[in-house]
Amino acid sequence: MDKRIPTLAEAVAGIADGATVMIGGFGGSGAPIELIHALIDRFLATGSPKNLTVINNNAGNGHVGIAALIEQGMVAKMICSFPRSADPKVFTDLYLAGKIELELVPQGTLAERIRAGGAGIPAFYTPTSYGTDLAKGKPVETFDGRPYVQERWLKADHALLKAELGDHYGNLTYRMAARNFNPLMAMAAANTIVQVSHAVEPGGIEPEQVITPGIFVQGIVEVPHPAQEEELNRADAHYPEVAQ
Amino acid sequence: MTDKLSNAQIAWRAAQDIADGAYVNLGIGFPEMVAKFQPPGREAVFHTENGVLGFGEAPKPGEEDWDLINAGKKAITLKPGSAFFHHADSFAMVRGGHLDVAILGAYQVAQNGDLANWSTGPKGVPAVGGAMDLVHGARRVAVITDHVTKDGKPKLLEACTLPLTGVGCVTRVYTSLAVIDIEGGKFVLREKLPSISFDELQALTGATLHLDGPVADLIVPEV
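Residues numbered from 1 in each chain as written. Chains lettered and ligands numbered in written order. Predicted model: local features only at pLDDT ≥ 70, side-chain atom pairs only at ≥ 80, totals over all residues. Heavy atoms only, no water.

Details of the overall build of chain B
What chain B contains, in helices and strands, is 4 helices and 13 strands. Since a compact globule built from 223 residues should have a radius of gyration of about 17 Å, the 17 Å found for chain B is in line with a globular shape. Principal axes of the C-alpha set define a box for chain B whose edges measure 50 × 40 × 30 Å. The buried share of chain B, reckoned over its 223 residues, is 56%. Pairs at least 24 residues apart make up 63% of the contacts formed inside chain B by residues separated by at least 6 positions. As displayed, chain B offers around 9,300 Å² of accessible surface, 53% of which is attributable to carbon and sulfur atoms. The positive charge centre, built from 19 side chains, and the negative charge centre, built from 26, are 2 Å apart in chain B. (Helix = DSSP H or I, 4+ residues; strand = E, 2+ residues; numbered from the N terminus. Rg over C-alpha atoms; globule rule 2.2 N^0.38 Å. Buried < 20%, exposed > 50% of the residue type's maximum accessible area, 1.4 Å probe, protein only. Contact = heavy atoms within 4.5 Å. Areas by Shrake-Rupley, 256 points an atom, 1.4 Å probe, with all protein chains shown as cover. Lys, Arg positive; Asp, Glu negative; His and termini not counted. Charge placed at Lys NZ, Arg CZ, Asp CG, Glu CD.)

What follows is the structure in structure tokens.
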């Protein structure tokens, strides 16, 4: 078994028009910038994929990563908890113009819906959002005297993730707080593709150190020295680069 | 208008109620200041939604590692004994009753403990983040806020008029003028600035202030 994929272009080749794509990261930490940009490259060359539903905590920052994906018009709908950032203009303008759909989900509910999707749990009850606008239309049930809101699982066709170490079997470790949604999304997508900063031989990760077991991963592609969204934004980067 | 506490002073007062050994989540923005005012000799462990327990102060400019941030996307540092975990574990800590206290900002608080702190209405792009999760599960949910809005309207009300974050969740409010508990669907005044009378404070509050024993002077150092 060897889940390594030689190039970023091959890693994102299977994502079709209309697909639901989970993208890892919280803000820029754990965001698979190179995989997202490879998807944009494919769109610019072929016109596909488009009409994507993207699941992430945020809705992009600046003009790189998810913001660049949205700016190209590839995203029809965002499912996220916090579509604001230091520079949320790309999403904000399209949203206020009615050109992109938003499903707003409380952050812990978003995480648990994704976890449930990966764990085969179609619905669960949470106290979060009870009595608020975000619970409208959802079933409510009382357990032990307290009301809870029913939430449904969230699954995806693809997940694009970022990890630190990855071996041929797809076992993964994450760097510091870049873990965030990545291990949950790995479980919840039919096709989980991970950019790893270091591809290692089997045995290169101690079994006790594995965070995401390889069973949840379909492919890894090595991207040494990956870009950080925060640093790109501080340099006012755009993707693709704009001619000055 | 009488004297009032600065945001830093409100944060200082809230920090005095955090016990040694407490696990604490501080909301994004003004509540983050509470961490600076830990009383000497007490250790609290701070939780951030994106998967870190036991973080410390901000790094020096130029020493940021952007894989090490808090829920406000600001760079942080680690203390010895810190831990990383994924988002579902992080919110299990929140909803599962494992946090001792969450300290949050507010647009409005109602006398029954309802909190509005995520939306000012239907205009613009809605964003909720972890606000609706944080109001559930912590043993104490405290609010720190100016006593009134920027244009002088009460923020402590009989019922919130803005979209709710959570129902009946707030247990104590630290304002620029007073410390008020929420008990049995009522605001109970515990402390007030010595420079303001009860009647003046009541006039700035949108619901009845109840008394349950003596009201202490709210004394906060310059910070």
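Topic: the confidence of the model for chain B
On average, chain B scores 96 in pLDDT, and the residues at 70 or more come to 99%. Confidence metrics for the complex model read pTM 0.97 and ipTM 0.96. (pLDDT = per-residue confidence, 0-100.)

Here's the deal with the sheet that holds strand β7 (residues 115-116) of chain B
All names here are of chain B. Across the sheet, 3 strands lie side by side as β7-β6-β9; this open sheet has mixed pairing. Every interior strand has two partners, whereas the edge strands, β7 and β9 (156-157), have only one. Here strand β6 (residues 108-110) runs beside β7; their pairing, made up of 2 bridges, is antiparallel. In the strand pairing of β7, Val-109 is matched with Leu-115. (Pairing = 2+ DSSP bridges.)

Some thoughts on the environment of Ile-180 of chain B
Residue and element names in this part refer to chain B. Inspection of the secondary structure puts Ile-180 in strand β11 (residues 178-183). Residues Ile-180 and Val-143, 37 residues apart in the sequence, show an inter-C-alpha distance of 9.9 Å. When neighbours within four sequence positions are excluded, Ile-180 is seen to be in contact with His-147, Leu-156, Arg-172, Val-173, Phe-187, Val-188, Leu-189 and Leu-209.

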